[in-house]
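Descriptive analysis of the structure
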Amino acid sequence: MDSKALGMYYGSMIVYMIGSIPLILYTLIVRPIANMYHEPISQMVSPIFGNYGAYLRDLFIISLVFVTVSVVLYLISVQRTSWGRKGISRPTIIMPVILFAFAYILLGVSGI
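These notes cover the structure that comes with them. Note that the structure is predicted; figures quoted are calculated from it, not measured. (Residues numbered from 1 in each chain as written. Predicted model: local features only at pLDDT ≥ 70, side-chain atom pairs only at ≥ 80, totals over all residues. Heavy atoms only, no water.)

**Details of the overall build of the chain**
Looking only at helices and strands, the chain features three helices and two strands. Along the chain, helices (α) and strands (β) appear in the sequence α-β-β-α-α when read from the amino end. Against the compact-globule benchmark of 13 Å for 112 residues, the chain has a radius of gyration of 17 Å, which places it well outside the compact range. Each principal axis of the C-alpha distribution contributes one length, and for the chain these read about 55 × 20 × 15 Å. In the chain, which comprises 112 residues, the proportion classed as buried is 33%. Residue pairs in contact within the chain that sit at least 24 positions apart in sequence constitute 72% of those at least 6 positions apart. (Helix = DSSP H or I, 4+ residues; strand = E, 2+ residues; numbered from the N terminus. Rg over C-alpha atoms; globule rule 2.2 N^0.38 Å. Buried < 20%, exposed > 50% of the residue type's maximum accessible area, 1.4 Å probe, protein only. Contact = heavy atoms within 4.5 Å.)

What follows is the structure, encoded as structure tokens:
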């Protein structure tokens, strides 16, 4: 694997790890708690976050941006490797695809 392609691959995984913090916060912690209340989320106000609806929207956008940037870096690294005629093992290719699919499915299920 080319050193630049390897750097982009590792960079994409680092971006994914950083992006998983707001992803988990949004999809598994904050959004389910907000759904338990009996008032509209857009009208809820928190002393820490301000408007709860805006906070949830921002967490969703941040998560989506981080995962998308990670996918782009990953695809560029795979493309650079295929140009260099050097192979990548199948688990190295498949595992990030599973992670990206999991992230997008989790964001899609939780919704805005």
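Here the narrative resumes, following the displayed structure.
**Here's the deal with the packing of aromatic side chains**
All told, the structure shown has six aromatic pairs when counted by the stated rule. Here Tyr16 and Phe100 contribute two aromatic rings whose centre-to-centre distance is 5.7 Å and whose plane-to-plane angle is 75°, an arrangement assigned as edge-to-face. One end of the pair, Tyr16, is in helix H1 (residues 3-36); the other, Phe100, is in helix H3 (residues 90-110), and 84 residues separate them in sequence. Neither Tyr16 nor Phe100 differs from the other in exposure class; each is buried. When the centroid spacing of 6.3 Å and the interplanar angle of 40° are considered together, the rings of Tyr52 and Tyr55 count as tilted. Remark: Tyr55 and Tyr52 occur in helix H2 (residues 52-83); sequence separation between them is three residues, near one turn of the helix. An aromatic cluster is defined as three or more aromatic residues linked by ring pairs; in this entry it consists of Tyr9, Tyr10, Tyr16, Tyr74 and Phe100. (Phe/Tyr/Trp six-rings, centres within 6.5 Å; stacked < 30°, edge-to-face > 60°.)

**Thoughts on the environment of Met44**
Looking at the secondary structure, you find Met44 in the loop between H1 and strand E1 (45-46). Taking C-alpha positions, Met44 is 52 Å from Trp83, a pair spaced 39 residues apart along the chain. With sequence-adjacent residues up to four places away left out, Met44 is seen in contact with Ala34, Tyr37, Glu39, Gly50, Asn51 and Tyr52.

**Quick notes on the pattern of salt bridges**
One pass over the structure, following the stated rule, counts one salt bridge. Among the salt bridges present, the one from Asp58 reaches Arg57, with a minimum N-O distance of 3.6 Å. Given the relative accessible area of 37%, Asp58 is considered partly exposed. The class for Arg57 is partly exposed, based on a relative accessible area of 40%. (Salt bridge = Lys/Arg side-chain N within 4 Å of Asp/Glu carboxyl O.)

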